[in-house]
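# A structural walkthrough
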Amino acid sequence: MTQNHTLPGTTDRRLAALLTLLAENGTIVISGARMAREIGVSRSQVWQWVERLRELGVRVKGQPGNGYFLEKVPDILTPDLVRKRLRGSLFGKRVHHFFKTDSTNRVAMELGHAGEPEGAVILAEEQTDGRGRAGRVWQSERGAGLYVTLLLRPKLAPVHAPLLTMLAGISVHSAIQSQAGLAAELKWPNDILLGGKKIGGILTEMHAEPSQVRFVIVGIGVNVNQEKFSGELAGSATSLRKETGRLHSRLELLVKLLQQFESDYNRFLREGPGYVVQRFELASDFANGKKVRVSTGAETYLGTTAGLSADGLLIVKRENETMTTVLAGDVTEVR
Ligand code: BTN
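In what follows, the accompanying structure is described. Keep in mind that this is a model prediction, so the values were computed, not measured.

### Re the packing of helix H1 (residues 13-24) against helix H2 (residues 32-39)
Between H1 and H2, the least distance of the axes is 10 Å, while the angle of their chain directions is 130°. Between H1 and H2, the angle is such that the two are oblique. When the axes of H1 and H2 are compared, the crossing they make is right-handed. Of the residues in H2, those touching H1 at Arg14, Ala17, Leu18, Leu21 and Leu22 are Arg34, Met35, Glu38 and Ile39. Its residues assigned to classes, the contact of H1 with H2 comprises 6 nonpolar, no polar and 3 charged.

Structure (structure tokens):
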């Protein structure tokens with residue numbers, strides 16, 4: 001089984017423990033001796049770890065003689081804090097944290113092949129090669145968004161794996177609702193929108209045999225505290241901060257999201273696809289009565305959304321009145 005510390009780039013256990021210790025004490029001064037004792041290093045090494053935290057952008061004040069404190073408690077998703085909040089749940093066991101990695105989906109794939117158990121959570125403060133659907137880039141500014149991938153090993157036929165994308169969308173929808181009181185729109189199959197702008201997206205990948213899934217990784221990106229977006233996203237993306245005018249705790253949002261995901265995931269495994277389809281339709285205006293343009297690799301056509309099939313595929317009534325089930329492709333609303 002893969003251990004946390006063998007994964008290149010994972011946040012060092014002692015660094016995470018130091019950060020947790022500082023964060024749990026708010027802005028109170030902690031002596032170097034106590035820090036050394038609690039994280040299991042020598043007093044002189046504490047200084048080096050503090051310097052490392054500073055390099056990572058954490059505002060630690062103080063000197064070796066006087067002790068240290070946080071100038072401002074950072075919203076960093078330290079594995080200890082995440083594990084503590086999710087104790088006893090599927091996602092509270094194996095949390096892999098990176099200050100910086102290329103893509104949490106890439107890491108999760110590697111872990112999946114190495115035999116990592118179901119429920120592993122891979123988190124990054126920043127991604128240098130965040131991946132979106134259809135080869136797009138997912139802008140992953142440091143500390144601003146949630147960049148998280150879940151590793152699952154469900155007993156599912158590969159054809160049902162896309163329902164996990166929808167499940168993740170439902171979880172993001174519900175986390176945003178409870179954190180900010182806003183009703184996000186779920187655009188089939190993997191977009192989460194607020195006021196027509198993209199606030200989140202899901203990228204699910206799997207490793208499967210013809211009739212059985214080996215593992216699925218569900219990558220979730222949510223724009224939380226971004227102030228602005230650059231390039232082509234400037235007009236098409238938004239964040240919780242932009243929509244509400246205030247900062248939001250990524251930890252709180254993550255905890256809500258993972259709790260919701262676990263509860264819906266268990267029901268899906270017990271009750272089958274119908275449960276997810278029903279939940280998605282309830283949370284998504286988009287699935288019914290929206291005028292859309294569908295672009296598959298082979299063709300582009302106009303129509304109106306007419307619900308989801310029993311397996312969670314989008315049904316579109318074309319302009320010539322025929323019903324089409326969309327297997328894959330881009331579906332955009334036509335206003
Ligand atoms: C999309 O809407 O195009 C999907 C975006 C998925 C982004 C997330 S961020 C965490 C995970 N790691 C990645 O590289 N991508 C997903």
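### Section: the site of the ligand
Surrounding the ligand, one finds 21 residues, the nearest of these being Ser103, Gln127, Arg131, Arg133 and Lys198. Here an oxygen atom of the ligand sits 2.7 Å away from a polar atom, N or O, in the side chain of Ser103. The fraction of the free accessible surface of the ligand (420 Å²) that becomes covered by protein chains is 99%. Sorting the residues of the shell around the ligand by element identifies helix H5 (104-113), strand E5 (145-152), strand E8 (197-208) and strand E9 (213-223) as the ones contributing at least two each. Split into classes, the residues belonging to the shell around the ligand amount to 6 nonpolar, 11 polar and 4 charged.

### Things to note about the sheet that holds E5
Here we have 7 strands laid out as an open sheet, ordered E3-E4-E5-E9-E8-E7-E6, and mixed in their pairing. Looking at the sheet topology across the chains shown, the edges are occupied by strand E3 (95-98) and strand E6 (185-187). Each adjacent strand pair in this sheet contributes to an overall mean axis angle of 15°, direction not counted. Bridge count for E6 against strand E7 (residues 191-194) is 3 bridges, and the pairing is antiparallel. Each bridged residue has a counterpart across the sheet, and for Lys187 the counterpart in E7 is Asp191. Along the sheet, H5 makes contact with E3, strand E4 (121-124), E5, E8 and E9, crossing E9 at roughly 160°.

### Let's talk about the packing of aromatic side chains
All chains considered together, the criterion is met by 2 aromatic pairs. Centroid distance Phe91 to Phe261: 5.9 Å. Interplanar angle 65°. Geometry classified as edge-to-face. Linking Phe91 in the loop between helix H4 (79-85) and E3 with Phe261 in helix H8 (residues 250-271), this pair joins segments that are 170 residues apart in sequence. The buried category is assigned to Phe91, whose relative accessible area is 0%. Since its relative accessible area comes to 0%, Phe261 is described here as buried. Ring pairing ties together the aromatic residues Phe91, Phe261 and Tyr265, which thus form one cluster. Positioned over the ring face of Tyr301 is Arg318, at 3.7 Å from the centre of the ring.

### What to know about H5
The element H5 is extensively covered by neighbouring structure, given that 7 of its 10 residues are classed as buried. Among the residues making up H5, those that are buried are Thr104, Asn105, Val107, Ala108, Met109, Leu111 and Gly112. If you follow the buried residues of H5, they end up packed against E3, E4, E5, E8 and E9. Two or three places before Asn105, at the start of H5, stands the capping residue Ser103, its side-chain oxygen 3.1 Å from that residue's backbone nitrogen. At the exit of H5 stands Gly115, carrying a positive phi of roughly 90°.

### Details of the sheet that holds strand E11 (residues 300-308)
Pairing in this open sheet of 5 strands is antiparallel, and the strands run E13-E12-E11-E10-E14 from one edge to the other. Where the open sheet ends on each side, the last strands, each with one partner, are strand E13 (323-326) and strand E14 (330-333). Between one strand axis and the next, the sheet turns through 45° on average, direction left out of account. Relative to E14, strand E10 (residues 288-295) is paired through 4 bridges, and the arrangement is antiparallel.

### Focus on the pairing of E4
Side chains Val121 and Leu123 project from E4 onto one buried face, and the interleaved Ile122 and Ala124 project onto a second face that is buried too. In the sheet, E3 pairs with E4 via 4 bridges, with the strands oriented parallel. Bridge pairing in E4 links His96 to Ile122. Viewed along the sheet, the connection from E3 through H5 into E4 turns out right-handed. As paired strands, E4 and E5 are joined by 4 bridges and run antiparallel to one another. Looking at the pairing, Val121 lines up with Leu150 of E5.

### Comments concerning the pattern of salt bridges
Overall, the coordinates contain 25 salt bridges when judged by the stated rule. Between Glu252 and Arg85 there is a salt bridge whose closest N-O contact spans 2.8 Å. Of the two residues, Glu252 is situated in helix H8 and Arg85 in helix H4; the sequence distance between them amounts to 167 residues. Overall, the relative accessible area of 28% leaves Glu252 in the partly exposed class. With a shortest N-O distance of 3.0 Å, Asp264 and Arg279 are connected by a salt bridge.

The rules behind each value
- Residues numbered from 1 in each chain as written.
- Predicted model: local features only at pLDDT ≥ 70, side-chain atom pairs only at ≥ 80, totals over all residues.
- Heavy atoms only, no water.
- Axes fitted to C-alpha atoms, helices over the stretch in contact; angles between N-to-C directions.
- Helix = DSSP H or I, 4+ residues; strand = E, 2+ residues; numbered from the N terminus.
- Parallel < 35°, antiparallel > 145°, perpendicular 65-115°, else oblique.
- Left-handed = near helix turned anticlockwise from the far one by under 90°.
- Contact = heavy atoms within 4.5 Å.
- Nonpolar A, V, L, I, M, F, W, Y, C, P; charged D, E, K, R; others polar.
- Near = heavy atom within 4 Å.
- Polar contact = N/O pair within 3.5 Å; in protein donor to acceptor, adjacent residues only side chain to side chain.
- Areas by Shrake-Rupley, 256 points an atom, 1.4 Å probe, with all protein chains shown as cover.
- Pairing = 2+ DSSP bridges.
- Phe/Tyr/Trp six-rings, centres within 6.5 Å; stacked < 30°, edge-to-face > 60°.
- Buried < 20%, exposed > 50% of the residue type's maximum accessible area, 1.4 Å probe, protein only.
- Lys NZ or Arg CZ within 6 Å of the ring centre and 35° of its normal.
- Right-handed = clockwise from strand over helix to strand, strands pointing away.
- Salt bridge = Lys/Arg side-chain N within 4 Å of Asp/Glu carboxyl O.

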